[in-house]
Amino acid sequence: MEQKVANFIKAEQLFAGNGRALLAVSGGADSIALLHIMDSLKNEGFLPLEVCCAHINHQLRGAESQRDKEFVVSRCRKLKIPVFTKEVDVRQCAREHRLSIETAARKLRIDALIEIARQQNCACIATAHQENDNAETVLQRLIRGTGFRGLCGIWPVREFAGGVRFIRPLLCVDRRQILDYLNERGLKWRQDKTNFDTHYRRNYIRHKLLPAVQKNCDDIIERLSELTAKARGFYRLVCTTADAVWAETATIEKESISLNLNVLQKLHPEVKIEIMRRALSHLNAGEQDFTENHYQKILELLADAKLQLPGNVEVHRQGGKIVFSRRQAQLQAPALLSGVNLILPGTTEFAGVLIEAETFDFDRAKFNEFKVKKSNTVEWFDLDSIKLPLVVRFRKRGDKFWPLGLKAEKKIGKFLTDEKIPQRSRQKLLIISDKEKIIWLCPVRPGEQTKITSQTKTVLQLRIYPPVA
């Protein structure tokens, strides 16, 4: 397997010249395999560089997290590899920024790894992502909805802010091969029990969905790996074309970016989307909130029409150009105080935030899938238990609501204190209420009285753009 990894490193040019590489080692099977394979290749002279290790303690599992750290440090010392550790507070980050535990952990882990890499003068950071991770990523994106860029899966090399490169030397092997490698050499690893909790979307795909697919297609991991490689090749071609026409297509100004519609319309559909994606990226709009439908609506804009998009972005036609700009708040103080009625179904703007409402028939299987992949910026409600109209507004003194999962109504201030929501975050919370009650303290908790039950016939889905943080 070491030779297979060596060939992959060479083919993908993962290590650009000499220098120092930082290995991200959690203590799990994949990262322990990465540690020993990289150490072996270095000792054999295949890798003309120094290696050191980083272990990020997420502090999510108490004493178990500490034992993970001690295990990694001990293993690195035996191999005489320098190791650097850092502790991050994932739960606090998730509370303060209204993120899921998974998202907060990933953000803090990447930031910590980049910090250590810079301190230790490392040109790249090697992570232990392998073929199964790649397959799970593709399935996760397909469930959420994706274009061909999402089919690229996990890239062998990605560059983050400041020029730090993340490389994935194990993307050429699968989990079974890694376990065989470790067992053949009598190597131990740490087991994170939370990796088996299928309430987490990634774990559900890993332990439920993917094994079900493999029953009828045992080589699905390999097939998805081949698919992502082809998708990455196609995307490189799209980017090359986009690079060639960018200068004649885009005009960048301080607060906006304009695209020449005559040039844009002549391009391949995927190149058009890439050009528009770059325009949105220039405005720092979060790509994860955009779907192919958004891009299609942009292209269908009529003269003098305006389109409100996620990420606080506005698009309008101006002669032969499509202009992207940051949306300015249009609401006056009285509207902010009293709130505005939600368009149902439709999209409503309130204080620079978009609330998208849609209704559909209830489906139990779809609801179970929704619970697995939902974020705190989207909720489902039983439409028949709502007394229309719905209003979005800010909090008022004395507001009460019945939080989902609790036995009775509570003052919102008391509820937020009990939930340890920071004061600076409370000012950004939104209230969505019907004629009689609050149905959603957004993005903290929906209400108990409008939850989905076995009696639900029609679902109201509310989605907030951008995420309230």
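Residues numbered from 1 in each chain as written. Predicted model: local features only at pLDDT ≥ 70, side-chain atom pairs only at ≥ 80, totals over all residues. Heavy atoms only, no water.

*Asks:* Account for the state of the cysteines, with residues named and values stated.
*Replies:* Overall, the coordinates contain zero disulfides when judged by the stated rule. This cysteine, C124, is not joined by any disulfide, and C122 carries the nearest cysteine sulfur, 7.5 Å off. The structure places no disulfide on C152, whose sulfur is separated from the nearest cysteine sulfur, that of C239, by 8.5 Å. (Disulfide = S-S within 2.5 Å.)

*Asks:* Please give an account of the sheet that holds strand β15 (residues 378-382) that cites residues and values.
*Replies:* The four strands are arranged β13-β14-β22-β15 in an open sheet whose pairing can be described as antiparallel. Edge positions in the sheet fall to β13 (346-350) and β15, since each has one partner strand and no second. Taking the axes of each pair of neighbouring strands and ignoring which way they run, one obtains an average angle of 25° across the sheet. Two strands pair when backbone bridges link them, and strand β14 (residues 353-361) and strand β22 (residues 458-465) are joined in this way by eight bridges, in the antiparallel orientation. Among the inter-strand pairings, I355 is bridged to a residue of β22, identified as I464. Against the sheet, helix α14 (residues 364-373) engages β14, β15 and β22, with an angle of about 145° to β15. (Pairing = 2+ DSSP bridges. Helix = DSSP H or I, 4+ residues; strand = E, 2+ residues; numbered from the N terminus. Axes fitted to C-alpha atoms, helices over the stretch in contact; angles between N-to-C directions. Contact = heavy atoms within 4.5 Å.)

*Asks:* Outline the packing of helix α2 (residues 29-43) against helix α7 (residues 175-184), supporting the account with residue identities and numerical values.
*Replies:* Here α2 crosses α7 at 60°, and the two axes come no closer than 10 Å. Between α2 and α7, the angle falls in the class oblique. Every pair of crossing elements has a handedness; the one defined by α2 and α7 is left-handed. Note on element contacts: α7 touches α2 through R175, I178, L179, Y181 and L182, opposite A29, D30, I32, A33, H36 and I37. Across the contact of α2 with α7, the residue classes tally to eight nonpolar, one polar and two charged. (Parallel < 35°, antiparallel > 145°, perpendicular 65-115°, else oblique. Left-handed = near helix turned anticlockwise from the far one by under 90°. Nonpolar A, V, L, I, M, F, W, Y, C, P; charged D, E, K, R; others polar.)

*Asks:* I'd like a description of unusual backbone geometry, backed by residues and values.
*Replies:* The omega angle of the peptide bond from L344 to P345 is -10°, so this bond is cis rather than trans. Structurally, P345 can be placed in the loop between β12 (340-341) and β13. The step from L388 to P389 runs through a cis peptide bond, and the omega angle for that step is 10°. Within the fold, P389 resides in the loop between β15 and β16 (391-393). The phi dihedral of Q13 falls on the positive side, at around 50°, and the residue is not glycine. Look at Q13 and you get exposed, because its relative accessible area is 60%. We note that K80 has phi near 60°; this positive angle belongs to a residue other than glycine. (Buried < 20%, exposed > 50% of the residue type's maximum accessible area, 1.4 Å probe, protein only.)

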